[in-house]
Amino acid sequence: MPKQKIRIKIKGFDHKLVDQAAEQIVETVERTGAVISGPVPLPTTIQKFSVIRSTFKDKDSQEQFEIRTHKRLIYIIETSSKTIDALTGLNLPSGVEIDIKL
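Reading guide: rules and limits
Residues numbered from 1 in each chain as written. Predicted model: local features only at pLDDT ≥ 70, side-chain atom pairs only at ≥ 80, totals over all residues. Heavy atoms only, no water. Helix = DSSP H or I, 4+ residues; strand = E, 2+ residues; numbered from the N terminus. Rg over C-alpha atoms; globule rule 2.2 N^0.38 Å. Buried < 20%, exposed > 50% of the residue type's maximum accessible area, 1.4 Å probe, protein only. Contact = heavy atoms within 4.5 Å. Salt bridge = Lys/Arg side-chain N within 4 Å of Asp/Glu carboxyl O. Pairing = 2+ DSSP bridges. Axes fitted to C-alpha atoms, helices over the stretch in contact; angles between N-to-C directions. Phe/Tyr/Trp six-rings, centres within 6.5 Å; stacked < 30°, edge-to-face > 60°. Lys NZ or Arg CZ within 6 Å of the ring centre and 35° of its normal. Expected span 1.5 Å × (residues − 1).

Undergrad: Is there a simple way to explain the overall build of the protein in this structure?
TA: Of regular secondary structure, the protein possesses two helices and four strands. When the helices and strands of the protein are read in sequence order from the N terminus, they spell out β-α-β-β-α-β. The C-alpha atoms of the protein give a radius of gyration of 19 Å, which is well past the 13 Å a tight globule of 102 residues would have. Taken along its principal axes, the extent of the C-alpha atoms in the protein is 65 × 25 × 15 Å. In the protein, which comprises 102 residues, the share counted as buried stands at 25%. Contacts in the protein between residues at least 24 apart in sequence constitute 75% of all its contacts with a sequence separation of at least 6.

Undergrad: Would you explain the pattern of salt bridges in this entry?
TA: Oppositely charged side chains may form a pair once their charged atoms are brought near each other. One pass over the full model with this rule turns up two salt bridges. Where Arg72 meets Asp19, a salt bridge forms, and the shortest distance between an N and an O atom there is 2.9 Å. With Arg72 in strand β3 (residues 62-78) and Asp19 in helix α1 (residues 15-31), this pair connects stretches of sequence that are 53 residues apart. You can call Arg72 buried: its relative accessible area is 13%. Among the residues examined, Asp19 registers a relative accessible area of 34% and is labelled partly exposed. Notably, a salt bridge pairs Glu66 with Arg68, separated by 2.8 Å at the nearest N-O pair. The class for Glu66 is partly exposed, based on a relative accessible area of 41%.

Undergrad: For this particular structure, what's the right way to read the sheet that holds strand β2 (residues 35-52)?
TA: As a general point, the strands of a sheet are linked pairwise by backbone hydrogen bonds and lie either parallel or antiparallel. Strand order in the open sheet formed by four strands is β2-β3-β1-β4, with antiparallel pairing between adjacent strands. On the outer flanks of this sheet lie β2 and β4 (96-101), each paired with one strand and no other. Across the sheet, the axes of successive neighbouring strands diverge by a mean angle of 15 degrees, strand direction being ignored. Judged from the 14 bridges that link them, β2 and β3 form a sheet pairing that is antiparallel. Paired with Leu42 across the strands is Lys71, a residue of β3. Relative to β3, α1 is tilted by about 5 degrees, and along the sheet it contacts β1 (6-12), β2, β3 and β4.

Undergrad: Hey, could you run me through the packing of aromatic side chains in this one?
TA: Two descriptors summarise a pair of aromatic rings, namely the distance from one centre to the other and the angle between the planes of the rings. A complete count under the given rule lists zero aromatic pairs for this structure. Sitting over the face of the ring of Tyr75, Lys5 holds its NZ or CZ atom 5.8 Å from the ring centroid.

Undergrad: Would you take a moment to explain α1 for this structure?
TA: Think of an α-helix as turning once every 3.6 residues; residues three or four places apart then point the same way. The end-to-end C-alpha distance of α1 is 24 Å, a good match for the 24 Å that 17 residues give at a rise of 1.5 Å each. Regarding α1, the residues found buried are Val18, Ala21, Ala22, Ile25, Val26, Thr28 and Val29. Gly33 sits one or two positions beyond α1 and adopts a positive phi of about 90 degrees.

Below, the structure written as structure tokens:
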């Protein structure tokens, strides 16, 4: 039976929360004895928005906003049933999106 690989992708707007969530995942997985690769920082996506300040006048006066999405990637190479149970019972901070693929 081949070993099962798990890919965990973490996304969030605050890089400190993303790093904290990645560190919690790494600690819990290493406690179960699984082999881990990562966290690998992926490129930050930046969405920029320009909004006209006035409703009908001064089109040259604009405000700019941006949203930065920080991402991390973790591979769990050698898994066991303990690893999957530990991942499901993990309490992570809010504001972080986690995508787990088997």
